[in-house]
Amino acid sequence: MKALPPGSTIGVLGGGQLGRMMALAAARLGYRVHVFCPDWDSPAEQVSAAATVAAYDDAAALDAFAASVDAVTLEFENVPVAAVERLARTVPVRPGARVLSVAQDRMAEKTTARDLGIPVAPFEAVTSDTDLADAIASIGAPSVLKTRREGYDGKGQRIIRKASDADAAFADLGRAPAILEAFVEFTSEISVIAARGEDGETRTYAAVENRHKDHILDLTIAPAAVASAAIKQAEEAARALADALQVVGLLAVEFFVTPEDGVLFNEMAPRPHNSGHWTIEACRVSQFEQQVRATAGLPLGPTGYHHRAVMRNLIGTDADRWADLADGDGTLHLYGKAESRPGRKMGHVTRLYAPDRPNWPPKEAELP
Ligand code: AMP
């Protein structure tokens, strides 16, 4: 595909904050954004040139959307694969259906990683009581039972502390198709965002450390202060996955760091990621611009950082302090969500630090 000229329209599936920040990056490059999402007044719609508010299985709405845009990307990975396939008949969709179908299913993503030789904690598919008993027999406890689809921020998963808890955990998850995986005694969690262009060129942003609170990302520390062997392994794994799945756009990959300084693949998403928000301030080309570039057929930009950074999410009522936060040492981002509910991502703050700073990560008092 020839690069889309400024003034072209990029369609975005999904209307959340990732779409909002992508639309802002697209606007800076002279593109118009048309959002497709089931809800009115979504964070992305508020900053976009056009919106279609319809269900993802509304064929007529999808066809009209396809006719009104020059390329399509997504900010939400649970868009039905059938919707992407329908759009792809008439307009380029990046990333495509293949990576989407893998990333929507924990079993498929872990199998893909394992088949590429990327280390993964032991896991087994669970669709019945017999499977569950077999999986507990082979993996044991402690372990984690996770629904194969639509889990996020700790939703759709239960820790099994002893084998006798397994039946109740499966019932609690509505007996939905699941995977049982070994509990990992990790030392930290890191992620790597890979960007891959239409020509197959792949670049990675620095690996970052992610710290969670109540199962929701709280802090991202960029770069991660972990052993270089772990970082190298994570970067290579993210590249290998992006290549194998022929991603055009971004692939965000999460890992556990083990006490031996190795990494275990946890999960991936073919879209901008919360752990990449720091790139807006700390890199010349952010993850959002990178996704726009790949979608529009532009060359990828540099992924290096000119500052270190820490990003803190504003969850629920955290964002009520917006006036103080706007006056602080960080850069404030608010997502335009009218109602703050517990656990809802309302915004974030990023603070920059000198790139050659000796003490890393910063002490509590210096965090955003
Ligand atoms: P996930 O939705 O798979 O990213 O899981 C959410 C969080 O639960 C992870 O970021 C970890 O903190 C924790 N977690 C998930 N899987 C495991 C595991 N196998 N062992 C230990 N902790 C886990």
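This text goes with the structure placed above it.
Keep in mind it's a predicted model, so treat the numbers as computed, not measured.

Caption draft 1: Focus on unusual backbone geometry. Residue proline 95 is bonded to the preceding arginine 94 through a cis peptide linkage, with omega at 0°. One can find proline 95 in the loop between helix H3 (81–88) and helix H4 (97–103). Residues other than glycine seldom take positive phi values, yet aspartate 261 does so here, at roughly 65°. We classify aspartate 261 as partly exposed; its relative accessible area is 37%.

Caption draft 2: Expanded view of the nonpolar core. Within the largest apolar cluster, 39 residues are counted, with the highest numbers of intra-cluster contacts made by Leu13, Phe36, Val72, Val84 and Leu87. Elements represented by at least two residues in this core include exactly strand S1 (9–13), helix H1 (17–28), strand S2 (32–37), helix H2 (59–68), strand S4 (71–74), H3, H4 and helix H10 (287–296). Of the residues forming this core, the biggest block, six residues, is contributed by H1. When residues of this core are assigned to domains, at least three map to each of domain 1 (9–93) and domain 3 (188–366). If sequence neighbours within four positions are ignored, leucine 13 has contacts with Phe36, Tyr56, Phe65, Val72, Thr73, Leu74, Glu75, Phe76, Val79, Val84 and Leu87. Among the nonpolar cores identified, the runner-up in size contains 30 residues, and Ala194, Ala237, Leu241 and Ala242 belong to it.

Caption draft 3: A look at the site of the ligand. Within the structure, the ligand sits among 14 residues, and Lys146, Glu181, Val184, Glu189 and Glu267 are positioned closest to it. Taking glutamate 189, its side chain carries an N or O atom lying 2.5 Å from an oxygen atom of the ligand. Asparagine 266 is positioned such that a nitrogen or oxygen atom in its side chain is 3.0 Å from an oxygen atom of the ligand. Considering the ligand on its own, with 470 Å² of exposed area, one finds that the protein chains cover 91% of that surface.

Caption draft 4: View of the sheet that holds S4. Pairing in this open sheet of four strands is parallel, and the strands run S3-S2-S1-S4 from one edge to the other. Both edges of this open sheet fall to strand S3 (50–53) and S4, since each of them pairs with a single strand only. Mean inter-strand twist for the sheet, computed between neighbouring axes without regard to direction, equals 20°. By the bridge criterion, four bridges tie S2 to S3 in an arrangement that is parallel. Bridge assignment links phenylalanine 36 to a residue of S3, and that residue is threonine 52. Of the strands in this sheet, S1 and S4 touch H10, which is tilted by about 145° from S4.

Caption draft 5: Representation of the sheet that holds strand S6 (residues 143–147) in the model. Here four strands make up an open sheet; going across it, the order is S5-S8-S6-S7 and the pairing antiparallel. Two strands lie at the open edges of the sheet, namely strand S5 (123–126) and strand S7 (157–160), each paired on one side alone. This sheet shows a mean twist of 20° between the axes of neighbouring strands, independent of strand direction. The pairing of S6 with S7 spans four bridges and is classified as antiparallel. By the bridge assignment, leucine 145 is partnered in S7 with arginine 158. In this fold helix H5 (residues 106–115) packs onto S5, S6, S7 and strand S8 (178–182), with an angle of close to 150° to the strand it touches most, S5. Against the sheet, helix H6 (residues 129–139) contacts S5, S6, S7 and S8, and its axis sits at roughly 170° relative to S5.

Conventions adopted
Residues numbered from 1 in each chain as written. Predicted model: local features only at pLDDT ≥ 70, side-chain atom pairs only at ≥ 80, totals over all residues. Heavy atoms only, no water. Helix = DSSP H or I, 4+ residues; strand = E, 2+ residues; numbered from the N terminus. Buried < 20%, exposed > 50% of the residue type's maximum accessible area, 1.4 Å probe, protein only. Core = buried A, V, L, I, M, F, W, Y, C linked by side-chain atoms within 4.5 Å. Domains from an automatic or database assignment. Contact = heavy atoms within 4.5 Å. Near = heavy atom within 4 Å. Polar contact = N/O pair within 3.5 Å; in protein donor to acceptor, adjacent residues only side chain to side chain. Areas by Shrake-Rupley, 256 points an atom, 1.4 Å probe, with all protein chains shown as cover. Pairing = 2+ DSSP bridges. Axes fitted to C-alpha atoms, helices over the stretch in contact; angles between N-to-C directions.

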